[in-house]
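Here are the chains, one letter per residue:
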Number of protein chains: 2
Amino acid sequence: MKKYIFGQPIETQAAVLELPAEQNPVPIGTIHTDKNHWKMSIPLNQKDVVYGLGQTVRGINKRGWTYTSWASDDPEHSEDRHSLYGAHNFIIVDPVEDPEAKPFGLFIDNPGKVVFDIGDTKRNEIQIQSAPDLNLYLIEGNTSYEISQKFRKLIGQSYIAPKFAFGYGQSRWGYKTKDDFRDVLSNLKAIDVPVDMIYMDIDYMERFKDFTVNNQEFGNHFKEFVDEMKKEKIHLVPIIDAGVKVENGYSIYEEGKEKNYFCKMDDHTSDFIGAVWPGYSVFPDFLNHEASQWFGMNYKMMTDAGIDAFWNDMNEPALFYSETGMKNLKNYLAEFAADPELPRDCYDTFHLNDQVNSIKNSMKDYESFYHHMGDQWVSHDKVHNLYGYKMTQSASDAFKKLRPNERTLMYSRSSYIGAHRYGGIWTGDNKSWWSHLPLILHQLPALNMCGFLYTGCDLGGFGADATRDLVLRFMQIGIFTPLMRNHSALGTRDQEPYRFENPEDFSFLVKTRYRLIPYLYSEYMKAVQNNDLMFRPLSFDFPDDEIAREVEDQLLIGHEMMIAPVTEQNKTGRMVYLPEEMIQIRIKPTCQEVGRIILGEGWHYIQYPENQVIFFVRKDKTLPLVHIPAKRVDEIDYDNLEMVGYMDSEYELYDDDGISSDLDHCNASITIHKS
Amino acid sequence: MKKYIFGQPIETQAAVLELPAEQNPVPIGTIHTDKNHWKMSIPLNQKDVVYGLGQTVRGINKRGWTYTSWASDDPEHSEDRHSLYGAHNFIIVDPVEDPEAKPFGLFIDNPGKVVFDIGDTKRNEIQIQSAPDLNLYLIEGNTSYEISQKFRKLIGQSYIAPKFAFGYGQSRWGYKTKDDFRDVLSNLKAIDVPVDMIYMDIDYMERFKDFTVNNQEFGNHFKEFVDEMKKEKIHLVPIIDAGVKVENGYSIYEEGKEKNYFCKMDDHTSDFIGAVWPGYSVFPDFLNHEASQWFGMNYKMMTDAGIDAFWNDMNEPALFYSETGMKNLKNYLAEFAADPELPRDCYDTFHLNDQVNSIKNSMKDYESFYHHMGDQWVSHDKVHNLYGYKMTQSASDAFKKLRPNERTLMYSRSSYIGAHRYGGIWTGDNKSWWSHLPLILHQLPALNMCGFLYTGCDLGGFGADATRDLVLRFMQIGIFTPLMRNHSALGTRDQEPYRFENPEDFSFLVKTRYRLIPYLYSEYMKAVQNNDLMFRPLSFDFPDDEIAREVEDQLLIGHEMMIAPVTEQNKTGRMVYLPEEMIQIRIKPTCQEVGRIILGEGWHYIQYPENQVIFFVRKDKTLPLVHIPAKRVDEIDYDNLEMVGYMDSEYELYDDDGISSDLDHCNASITIHKS
């Protein structure tokens, strides 16, 4: 691994290995720099594959599009988007066409905007562009898989979630009252769906104020409610947003203001005022060490009440508008409304639309405020992509003090490489679209490459109306992802398992998840400790198989399993490609016995109904399945594991107490299970 | 076929066969009516397939979503949309699970809003809902295919396009000057792309006024420019929009106003004023026979100049806003801007956004204006879905007078069943999305079921930025669709074939199209004359094949051909399902000889590069391919046809002069070609 320094990079702490700065020129591609730009171009051959970029749209092979690393709160994850919530500036170029050439990885460590044109403008060229100050890491190796592991070593060990976080989580924007949460639990119980977590979206707060709870509902007895749920072995998972409401008398606001902990305008004195859910808000300066430490310690109010799980949101940061932007807009609207000549033609109305719609997440606003980093004032746009990362780190640092002995569940919407050491991420506000099933399959390995192992998508889709079959198909994927949460937006069709006909199908899928947890948790923990990918494209393990290279709707999970979910509506089966002989495992609701068939290398048509679970065990491997599904993760019966897969094979099962933060004192064990 | 009358239906002229009204109750499903509603529910079995609905999102099998027939100008054709531009109220229910049951078709002939909940709310039930006045047609038969043909007989023979309309068309919103059009032609010539049509989008007009041309560019010498292009054998295809600019001195406006030919407000006296491209506009009352005849005759200005091809647009009708809507909005904006308290929170800004965005295509506006039908004043919302249909008929009626001997190319954006007799449609403002490749494959057979045979999508995608590979993959489908047009929106990446690297690949695909035209035109004309589908799902021809039933990314074209295009990025091949033995035909740019391989029934992995053309010839069939591709349709060398497919097979080639409107006098011929 080599490090090249250009200009005066802002320290992101993305990498943890100290590498000496190379003095020789970068041996790959062509680099041009000037006062304002850094540009790198890399030639490609027609068949070469480019992996990486973490959370982006499109396929596992990133060729044929331009991706812009610029953390964005954009709920339309359609193919033509350039940016999502995270900025994951790592790519692997695999020159499969040239047997003499070796793959290499590149990490562009610049926390501002970075543009990756991967064979878009020119079909056989990568063009990368950013501001001129950055650290460039070049990772060489023999295979893409090896490079991904080296890169993971460079950026440090991934966050470790508590084991309960592998349970099922139920969520929906709109749960507000104690009875809302109680109903979720009793409804899930009624249809026999195991569950470990119930999520509290923004409505649990008092007028969307961080570290408050709705007075009317929870008043001073929030802890009692947390305890009530704890008795049911349910972890409540409240959301924490980045923006802090501007409100006199609100202690977080007053204290942060007093201590100059919020981002500042260009006078470096007055607070930048944007607007998010609570209306006008200020933004903790997470890039200021002291401010970050201060914000983090506010989680104490929650941890004192017994909360041990959080999600951090709106930390791109999302800006509905700014005080300045709204002032300008109102002036424009007043003029427009007063001018009897307007609109003269359709373009005047298009302009009106643009003005109103462009106050959201405006680049002008992002350029208008500042962070206090050490002795420097840095304008936000130069470090934009660090904000979510540093918010996550702020929480993680605090948890080390507040809950030193136990792991805390923490995941974030926005992230940058480095954040993977402090928390997981979810893939943001996806939609109830069939096309978002392949999307999560494409994102999982790319996120793993960048260290994000605790991850998953909103099952059933967040925006738009879900259908029963879509939710089931989402869940057939979600039962394999570390984060398994059904979540949806206010105003969309209800999509909890108990909202649909034949809820026993949902119950079956979640129960099967709980049977799989020993394997999933074991592979997750091994991936954390070995800097390995839990989710891999087929091509990582079968690099010479030309068909495997293009299969993007199947994934390897750990070292024993492959999945091949159905991702299209009204399909009862699909073609599956086996790069080697495997055993197909079919689990049916009606039958305690697990179906096993050996299938040879090549293509197979597989029937895959909505209410079954199918996976494939790799050649000469076996994996454990719990015999009777538990209702909670901590009730999983590890003494009755059934081994499924090849005879005379062994599986090394990792397990631990699932909660101790110190891995040396968590009763970690590796036990050999034979089939 | 049976007709059931409910209430007092508005006559749509969708059906051409006179059927007696049945007195017995409808033998299928359950119908409830009250003063305001008509509701029909039909039980489904789990495996039953539902076809139809023409231009909608999602798959060929329509189960699992709610479709609302309400002609809508909405450029986001994502899976969660309920309405697109057309209203095609025909479904076929195929009860494949019950061997005793027979399929049936239903046509809900109501020109207002009709909602088809196809197993969405309840997974095994169809729920159809509309206003209480309608004609219901029930079509019974032994197969879905047979039902579709019977239905086509009910609704009358499809529009016949001139043969030149099977050539390649180049389009882009933004061509304005004579030199813009000349450049298109010379650029296409330079890279050897055959072409028959160049499109004139809205900028050819004088300030978007129907039946005018840009004064500065074309002044009084438009005909000379049409002639210049004619010398090159290029047909210019101007757009005609529904809305007529409000402008004193503009003759179309003044004459229509004078004669009360525009839609009226509820006083039945003052014109309804909406806004589209030209700003404030009035809307010809195409449902008023006299007004419709008058508007149509205005095409004379164009046909006199030698124009023989048109596309009708904005005829849902699209409304950017109305005069009333804008007045209300300006009042709201003035209040919002003046109130120092606003916005109090994010919901106030969401409300502002809603107010601004909802002036477009507002239901309130659609409910506010009236048509004069016979002696009746009918509010627009009750007949909304007829507007595009009747605009197309208006043009078609005029062409019978203006160009009585020749066919005129005419297609529309909005349509209703019935419009298929007067013109084709294109599928509207799709996007440069990979997901819009399967979408057009799903729409083609559904549109054919409803009579729309001359159709196709914007190749390369209209909105969003295209990539080279996407445009090639679009064109690999487009070379088989009657309408083959590359079209894109102002502001998106240029996507004409000459904008990309290695334009010879584009040239090859278009040239291959020209080699296919004898077959495509023959099958199209036979489909017109036999009320047949040119594009069919595999299941129509192989109803008992359970795998074929779920294959939605392959289509049968005519009676000899099957296609199986690549619809995903970075794929060099795909699995193809053959419901019977077929011959794979592979046409390569580098090789004059056509590749032929016999493939057995079942699944095959097929390499399919971006610069080849692959199709499959069905068992014991053969089809003609022109030996040397022509530059123009009228130069196609019918004397040198190469037969590809099975030996000792025959093909009946239909041909005619391609232009005469009277099929009895167009030198029609059927010739037998043997392989």
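What you see is a predicted model; the values in this text were computed from it and never measured.

**Structural notes on the domain arrangement of chain A**
Then, in step 1: By domain assignment, chain A separates into domain 1 (2-155), domain 2 (324-357) and domain 3 (533-674).
Then, in step 2: Computed from C-alpha atoms alone, the centre-to-centre distance between domain 2 of chain A and domain 3 of chain A is 57 Å.

**A closer look at the pattern of salt bridges**
Then, in step 1: Taken as a whole, this structure holds 96 salt bridges over all chains when the rule is applied.
Then, in step 2: The residue K2(B) makes a salt bridge to E140(B) at a minimum N-O spacing of 3.5 Å. One end of the pair, K2(B), is in strand β1 (residues 2-6); the other, E140(B), is in strand β11 (residues 134-140), with 138 residues separating them in the sequence.
Then, in step 3: Since its relative accessible area comes to 32%, E140(B) is described here as partly exposed.
Then, in step 4: Residues joined by salt bridges that share partners form a network here, namely D73(A), D313(A), E316(A), K360(A), R413(A) and D429(A).

**A short note on the interface of chain A and chain B**
Interfaces are often sized by the amount of accessible area the parts lose when they come together.
Then, in step 1: Contact with chain A, which involves 67 residues of that partner, is made by 65 residues of chain B.
Then, in step 2: Carbon and sulfur atoms make up 53% of the surface buried where chain A meets chain B, a total of about 5,400 Å² over both sides.
Then, in step 3: At the junction of chain A and chain B, the tally comes to 2 salt bridges.
Then, in step 4: Where the side of chain A that touches chain B is concerned, the elements lending two or more residues are β17 (279-282), α8 (323-338), α9 (346-357), β31 (573-578) and β34 (602-607) of chain A.
Then, in step 5: Per-element tally for the side of chain A that touches chain B: the top contributor is α9(A), with 8 residues.
Then, in step 6: Considering only residue class, the side of chain A that touches chain B consists of 29 nonpolar, 16 polar and 22 charged.

**Structural notes on the relation of the copies chain A and chain B**
Then, in step 1: Turning chain A through 180° and shifting it by 0.0 Å along the axis lays it on chain B, with an RMSD of 0.0 Å. A rotation of that kind, with that shift, is consistent with a two-fold axis.
Then, in step 2: Mapped onto chain B, 97% of the interface residues of chain A again fall at the interface, so both copies present the same surface.

**Here's the deal with the sheet that holds strand β18 (residues 309-313) of chain A**
All names here are of chain A.
Then, in step 1: Taken in spatial order, the 9 strands make up an open sheet running β25-β24-β22-β18-β14-β13-β12-β27-β26, and their pairing is parallel. Strand pairing shows two members of the sheet lacking a second neighbour, β25 (455-456) and β26 (458-459), which therefore form its edges.
Then, in step 2: Of the strand pairs in this sheet, β18 and strand β22 (residues 409-412) are connected by 4 bridges, and their pairing is parallel. Paired with N312 across the bridge in β22 is S412.

**So, the UniProt feature "domain: Glycoside hydrolase family 31 N-terminal" (unreviewed entry) in chain A**
Then, in step 1: Sequence positions flagged by UniProt for "domain: Glycoside hydrolase family 31 N-terminal" (unreviewed entry) are, in local numbering, residues 34-117 of chain A.
Then, in step 2: The span residues 34-117 of chain A carries 0% helix and 38% strand; its end-to-end C-alpha distance comes to 19 Å.

**Quick look at the sheet that holds strand β24 (residues 424-426) of chain B**
Within a sheet, each strand pairs with its neighbour through backbone hydrogen bonds, oriented either parallel or antiparallel.
Then, in step 1: Taken in spatial order, the 9 strands of this open sheet run β25-β24-β22-β18-β14-β13-β12-β27-β26 (chain B), and their pairing is parallel. Edge strands, defined here as strands with exactly one partner in the open sheet, are β25 (455-456) and β26 (458-459) of chain B.

Conventions we followed
Along each chain, residues carry numbers from 1 onward, in the same order as the chain's sequence is written. Working convention: letters from A go to chains and numbers from 1 go to ligands, in the order in which they are written. For this predicted model, a pLDDT threshold of at least 70 governs which residues receive local features, and a threshold of 80 or more governs which side-chain atom pairs are given and counted, while totals over whole chains, interfaces and linings are taken from all residues. Note: side-chain values were computed over all heavy atoms of the structure, leaving out hydrogens and water. Residue ranges for the domains trace back to a domain assignment, done automatically or taken from a database. Salt bridges are defined as contacts in which a side-chain nitrogen from Lys or Arg sits within 4 Å of a carboxyl oxygen from Asp or Glu. Only DSSP runs of H or I covering at least 4 residues are called helices, and only runs of E covering at least 2 are called strands; the numbering of each starts at the N terminus. A simple rule labels every residue: compare its accessible area, found with a 1.4 Å probe on the protein chains alone, to the largest value its type can have, and call it buried under 20%, exposed over 50%, or partly exposed in between. Only heavy atoms enter the contact rule, under which two residues are in contact if any of them lie within 4.5 Å. A quick way to say it: buried area is the sum, across both parts, of accessible area lost when two parts are put together, with a 1.4 Å probe. Side-chain classes are defined by residue name, with Ala, Val, Leu, Ile, Met, Phe, Trp, Tyr, Cys and Pro counting as nonpolar, Asp, Glu, Lys and Arg as charged, and the others, Gly among them, as polar. To superpose the copies, least squares is applied to the C-alpha atoms of every residue with a pLDDT of at least 70 in both. Two strands pair under a simple rule: DSSP has to find at least two bridges between them. UniProt positions are given in the numbering used here, feature names are shortened, and annotations may be inferred rather than shown by experiment.

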